[in-house]
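Chain by chain, the residues run as shown.
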Amino acid sequence: MTRFQFVADHQRRHGVKRLCAILGIARSSFYYWRRTTPKRAARQAADAQLAARIRQVHRDSDGTYGVPRITAELRDDGRAVNHKRVARVMRTIGLTGVRLRRRIARRSRPRPRPR
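Predicted, not measured: the structure shown is a model, and the values here were computed from it.

What counts and what doesn't
- Here the residue numbering is sequential within each chain, running from 1 through the sequence in written order.
- Reporting of local features is limited, given that this is a predicted model, to residues whose pLDDT is at least 70; pairs of side-chain atoms are given and counted only at 80 or more, and all residues count toward the totals for whole chains, interfaces and linings.
- Working from all heavy atoms in the structure, the side-chain values ignore hydrogens and water.
- Classification of residues uses two cut-offs on accessible area relative to the type maximum, computed with a 1.4 Å probe and protein chains only: under 20% is buried, over 50% is exposed, and between them is partly exposed.
- For the purposes of this section, nonpolar cores are sets of buried Ala, Val, Leu, Ile, Met, Phe, Trp, Tyr and Cys residues that join through side-chain atoms within 4.5 Å.
- A helix here means a DSSP run of H or I that spans at least four residues, while a strand means a run of E at least two residues long, and both kinds are numbered starting from the N terminus.
- Contacts are assigned to residue pairs that have any heavy atoms within 4.5 Å of one another.
- Here, a salt bridge means any Lys or Arg side-chain nitrogen found within 4 Å of an Asp or Glu carboxyl oxygen.
- Whenever two N or O atoms come within 3.5 Å, that pair is a polar contact, provided that in protein one can donate a hydrogen and the other can accept it, and provided that, for residues adjacent in sequence, both atoms are side-chain atoms.
- For helices, the fitted line uses only the C-alpha atoms of the stretch in contact; every axis is such a line through C-alpha atoms, and the angle between N-to-C directions lies from 0 to 180 degrees.
- An angle counts as roughly parallel when it lies under 35 degrees, as roughly antiparallel when it exceeds 145, as roughly perpendicular when it falls between 65 and 115, and as oblique in every other case.
- The sense of a crossing depends on the near helix, which, turned anticlockwise from the far helix by less than a right angle, makes the crossing left-handed and, turned clockwise, makes it right-handed.
- Ten residue types, Ala, Val, Leu, Ile, Met, Phe, Trp, Tyr, Cys and Pro, are classed as nonpolar, four, Asp, Glu, Lys and Arg, as charged, and the remainder, Gly among them, as polar.

Participant: Where do I start with unusual backbone geometry in this structure?
Facilitator: In terms of backbone geometry, most residues other than glycine have negative phi values and most peptide bonds are trans. For Asp-62, which is not glycine, the phi dihedral falls at a positive 60°. The exposure class of Asp-62 is exposed, given its relative accessible area of 71%.

Right, dumping it as structure tokens:
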């Protein structure tokens, strides 16, 4: 539960002004949060649909595709989606691509400097 949700739940009994003062939040922030609740719900629903499609693309690639390739696949399907959004959704659902880059071998002792 967020502080804003707490204020919304208890505003009839204690008043918004008092609760915001006690919790140290601005009243304007509370009212902004309350006004944008439907937009947040719509974004969460859209993210859930996107997550389902990302899972499908990831499964079709046998778990090898990462953010850039999944973003390209979604764009090929006609979806206008940003790579940062794909990365965020993949992080929240716990998907990662396969990294094939080799590690660079490092020496245990530094090389002597030429004289």
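Participant: Would you mind going over the nonpolar core with me for this structure?
Facilitator: Proteins that are soluble and globular tend to have nonpolar side chains buried together. Listed in full, the 11 residues of the largest apolar core are Leu-50, Ala-51, Ile-54, Val-57, Ile-70, Leu-74, Val-81, Val-86, Val-89, Met-90 and Leu-95. Contributions of two or more residues to this core are made by helix H4 (37–60), helix H5 (67–76) and helix H6 (83–93). Per element, the largest residue contribution to this core is four residues, and it comes from H4. Those residues in contact with Leu-74 that lie beyond four places of it in its chain are Leu-50, Arg-53, Ile-54, Arg-79, Val-81 and Val-86. Grouped together as the second largest cluster of nonpolar side chains are eight residues, Val-7, Val-16, Leu-19 and Phe-30 included.

Participant: I'm lost on the pattern of salt bridges in this one. Help?
Facilitator: Pairs can form between side chains of opposite charge once their charged atoms are near each other. In total, this model carries three salt bridges according to the counting rule given. Asp-47 serves as the salt-bridge partner of Arg-85, at 2.7 Å between the closest nitrogen and oxygen. Highlighted residues: Arg-85 in helix H6 and Asp-47 in helix H4, separated in sequence by 38 residues. One salt bridge connects Asp-77 with Arg-53, and the closest N-O pair in it is separated by 2.3 Å.

Participant: Is there a simple way to explain the side chain of Thr-36 in this structure?
Facilitator: Checked against the element boundaries, Thr-36 lands in the loop between helix H3 (27–35) and H4. A distance of 2.9 Å separates the side chain of Thr-36 from the backbone oxygen of Tyr-32, its partner in a polar contact.

Participant: I tried to follow the packing of H4 against H5 on my own but got confused; where do I start?
Facilitator: Helices that pack against each other are described as a pair by the angle of their axes relative to one another and the distance between those axes. Remark: H4 packs on H5, axes separated minimally by 10 Å, with the N-to-C direction vectors making an angle of 110°. The angle between the axes of H4 and H5 places the two elements in the roughly perpendicular class. Our pair here, H4 against H5, has a crossing hand that is right-handed. Contact residues: H4 offers Leu-50, Arg-53, Ile-54, Val-57 and His-58, while H5 offers Ile-70, Glu-73 and Leu-74. Per-class residue counts for the contact of H4 with H5 are five nonpolar, one polar and two charged.

Fair warning: the whole summary comes from geometry, so function is off the table for now.
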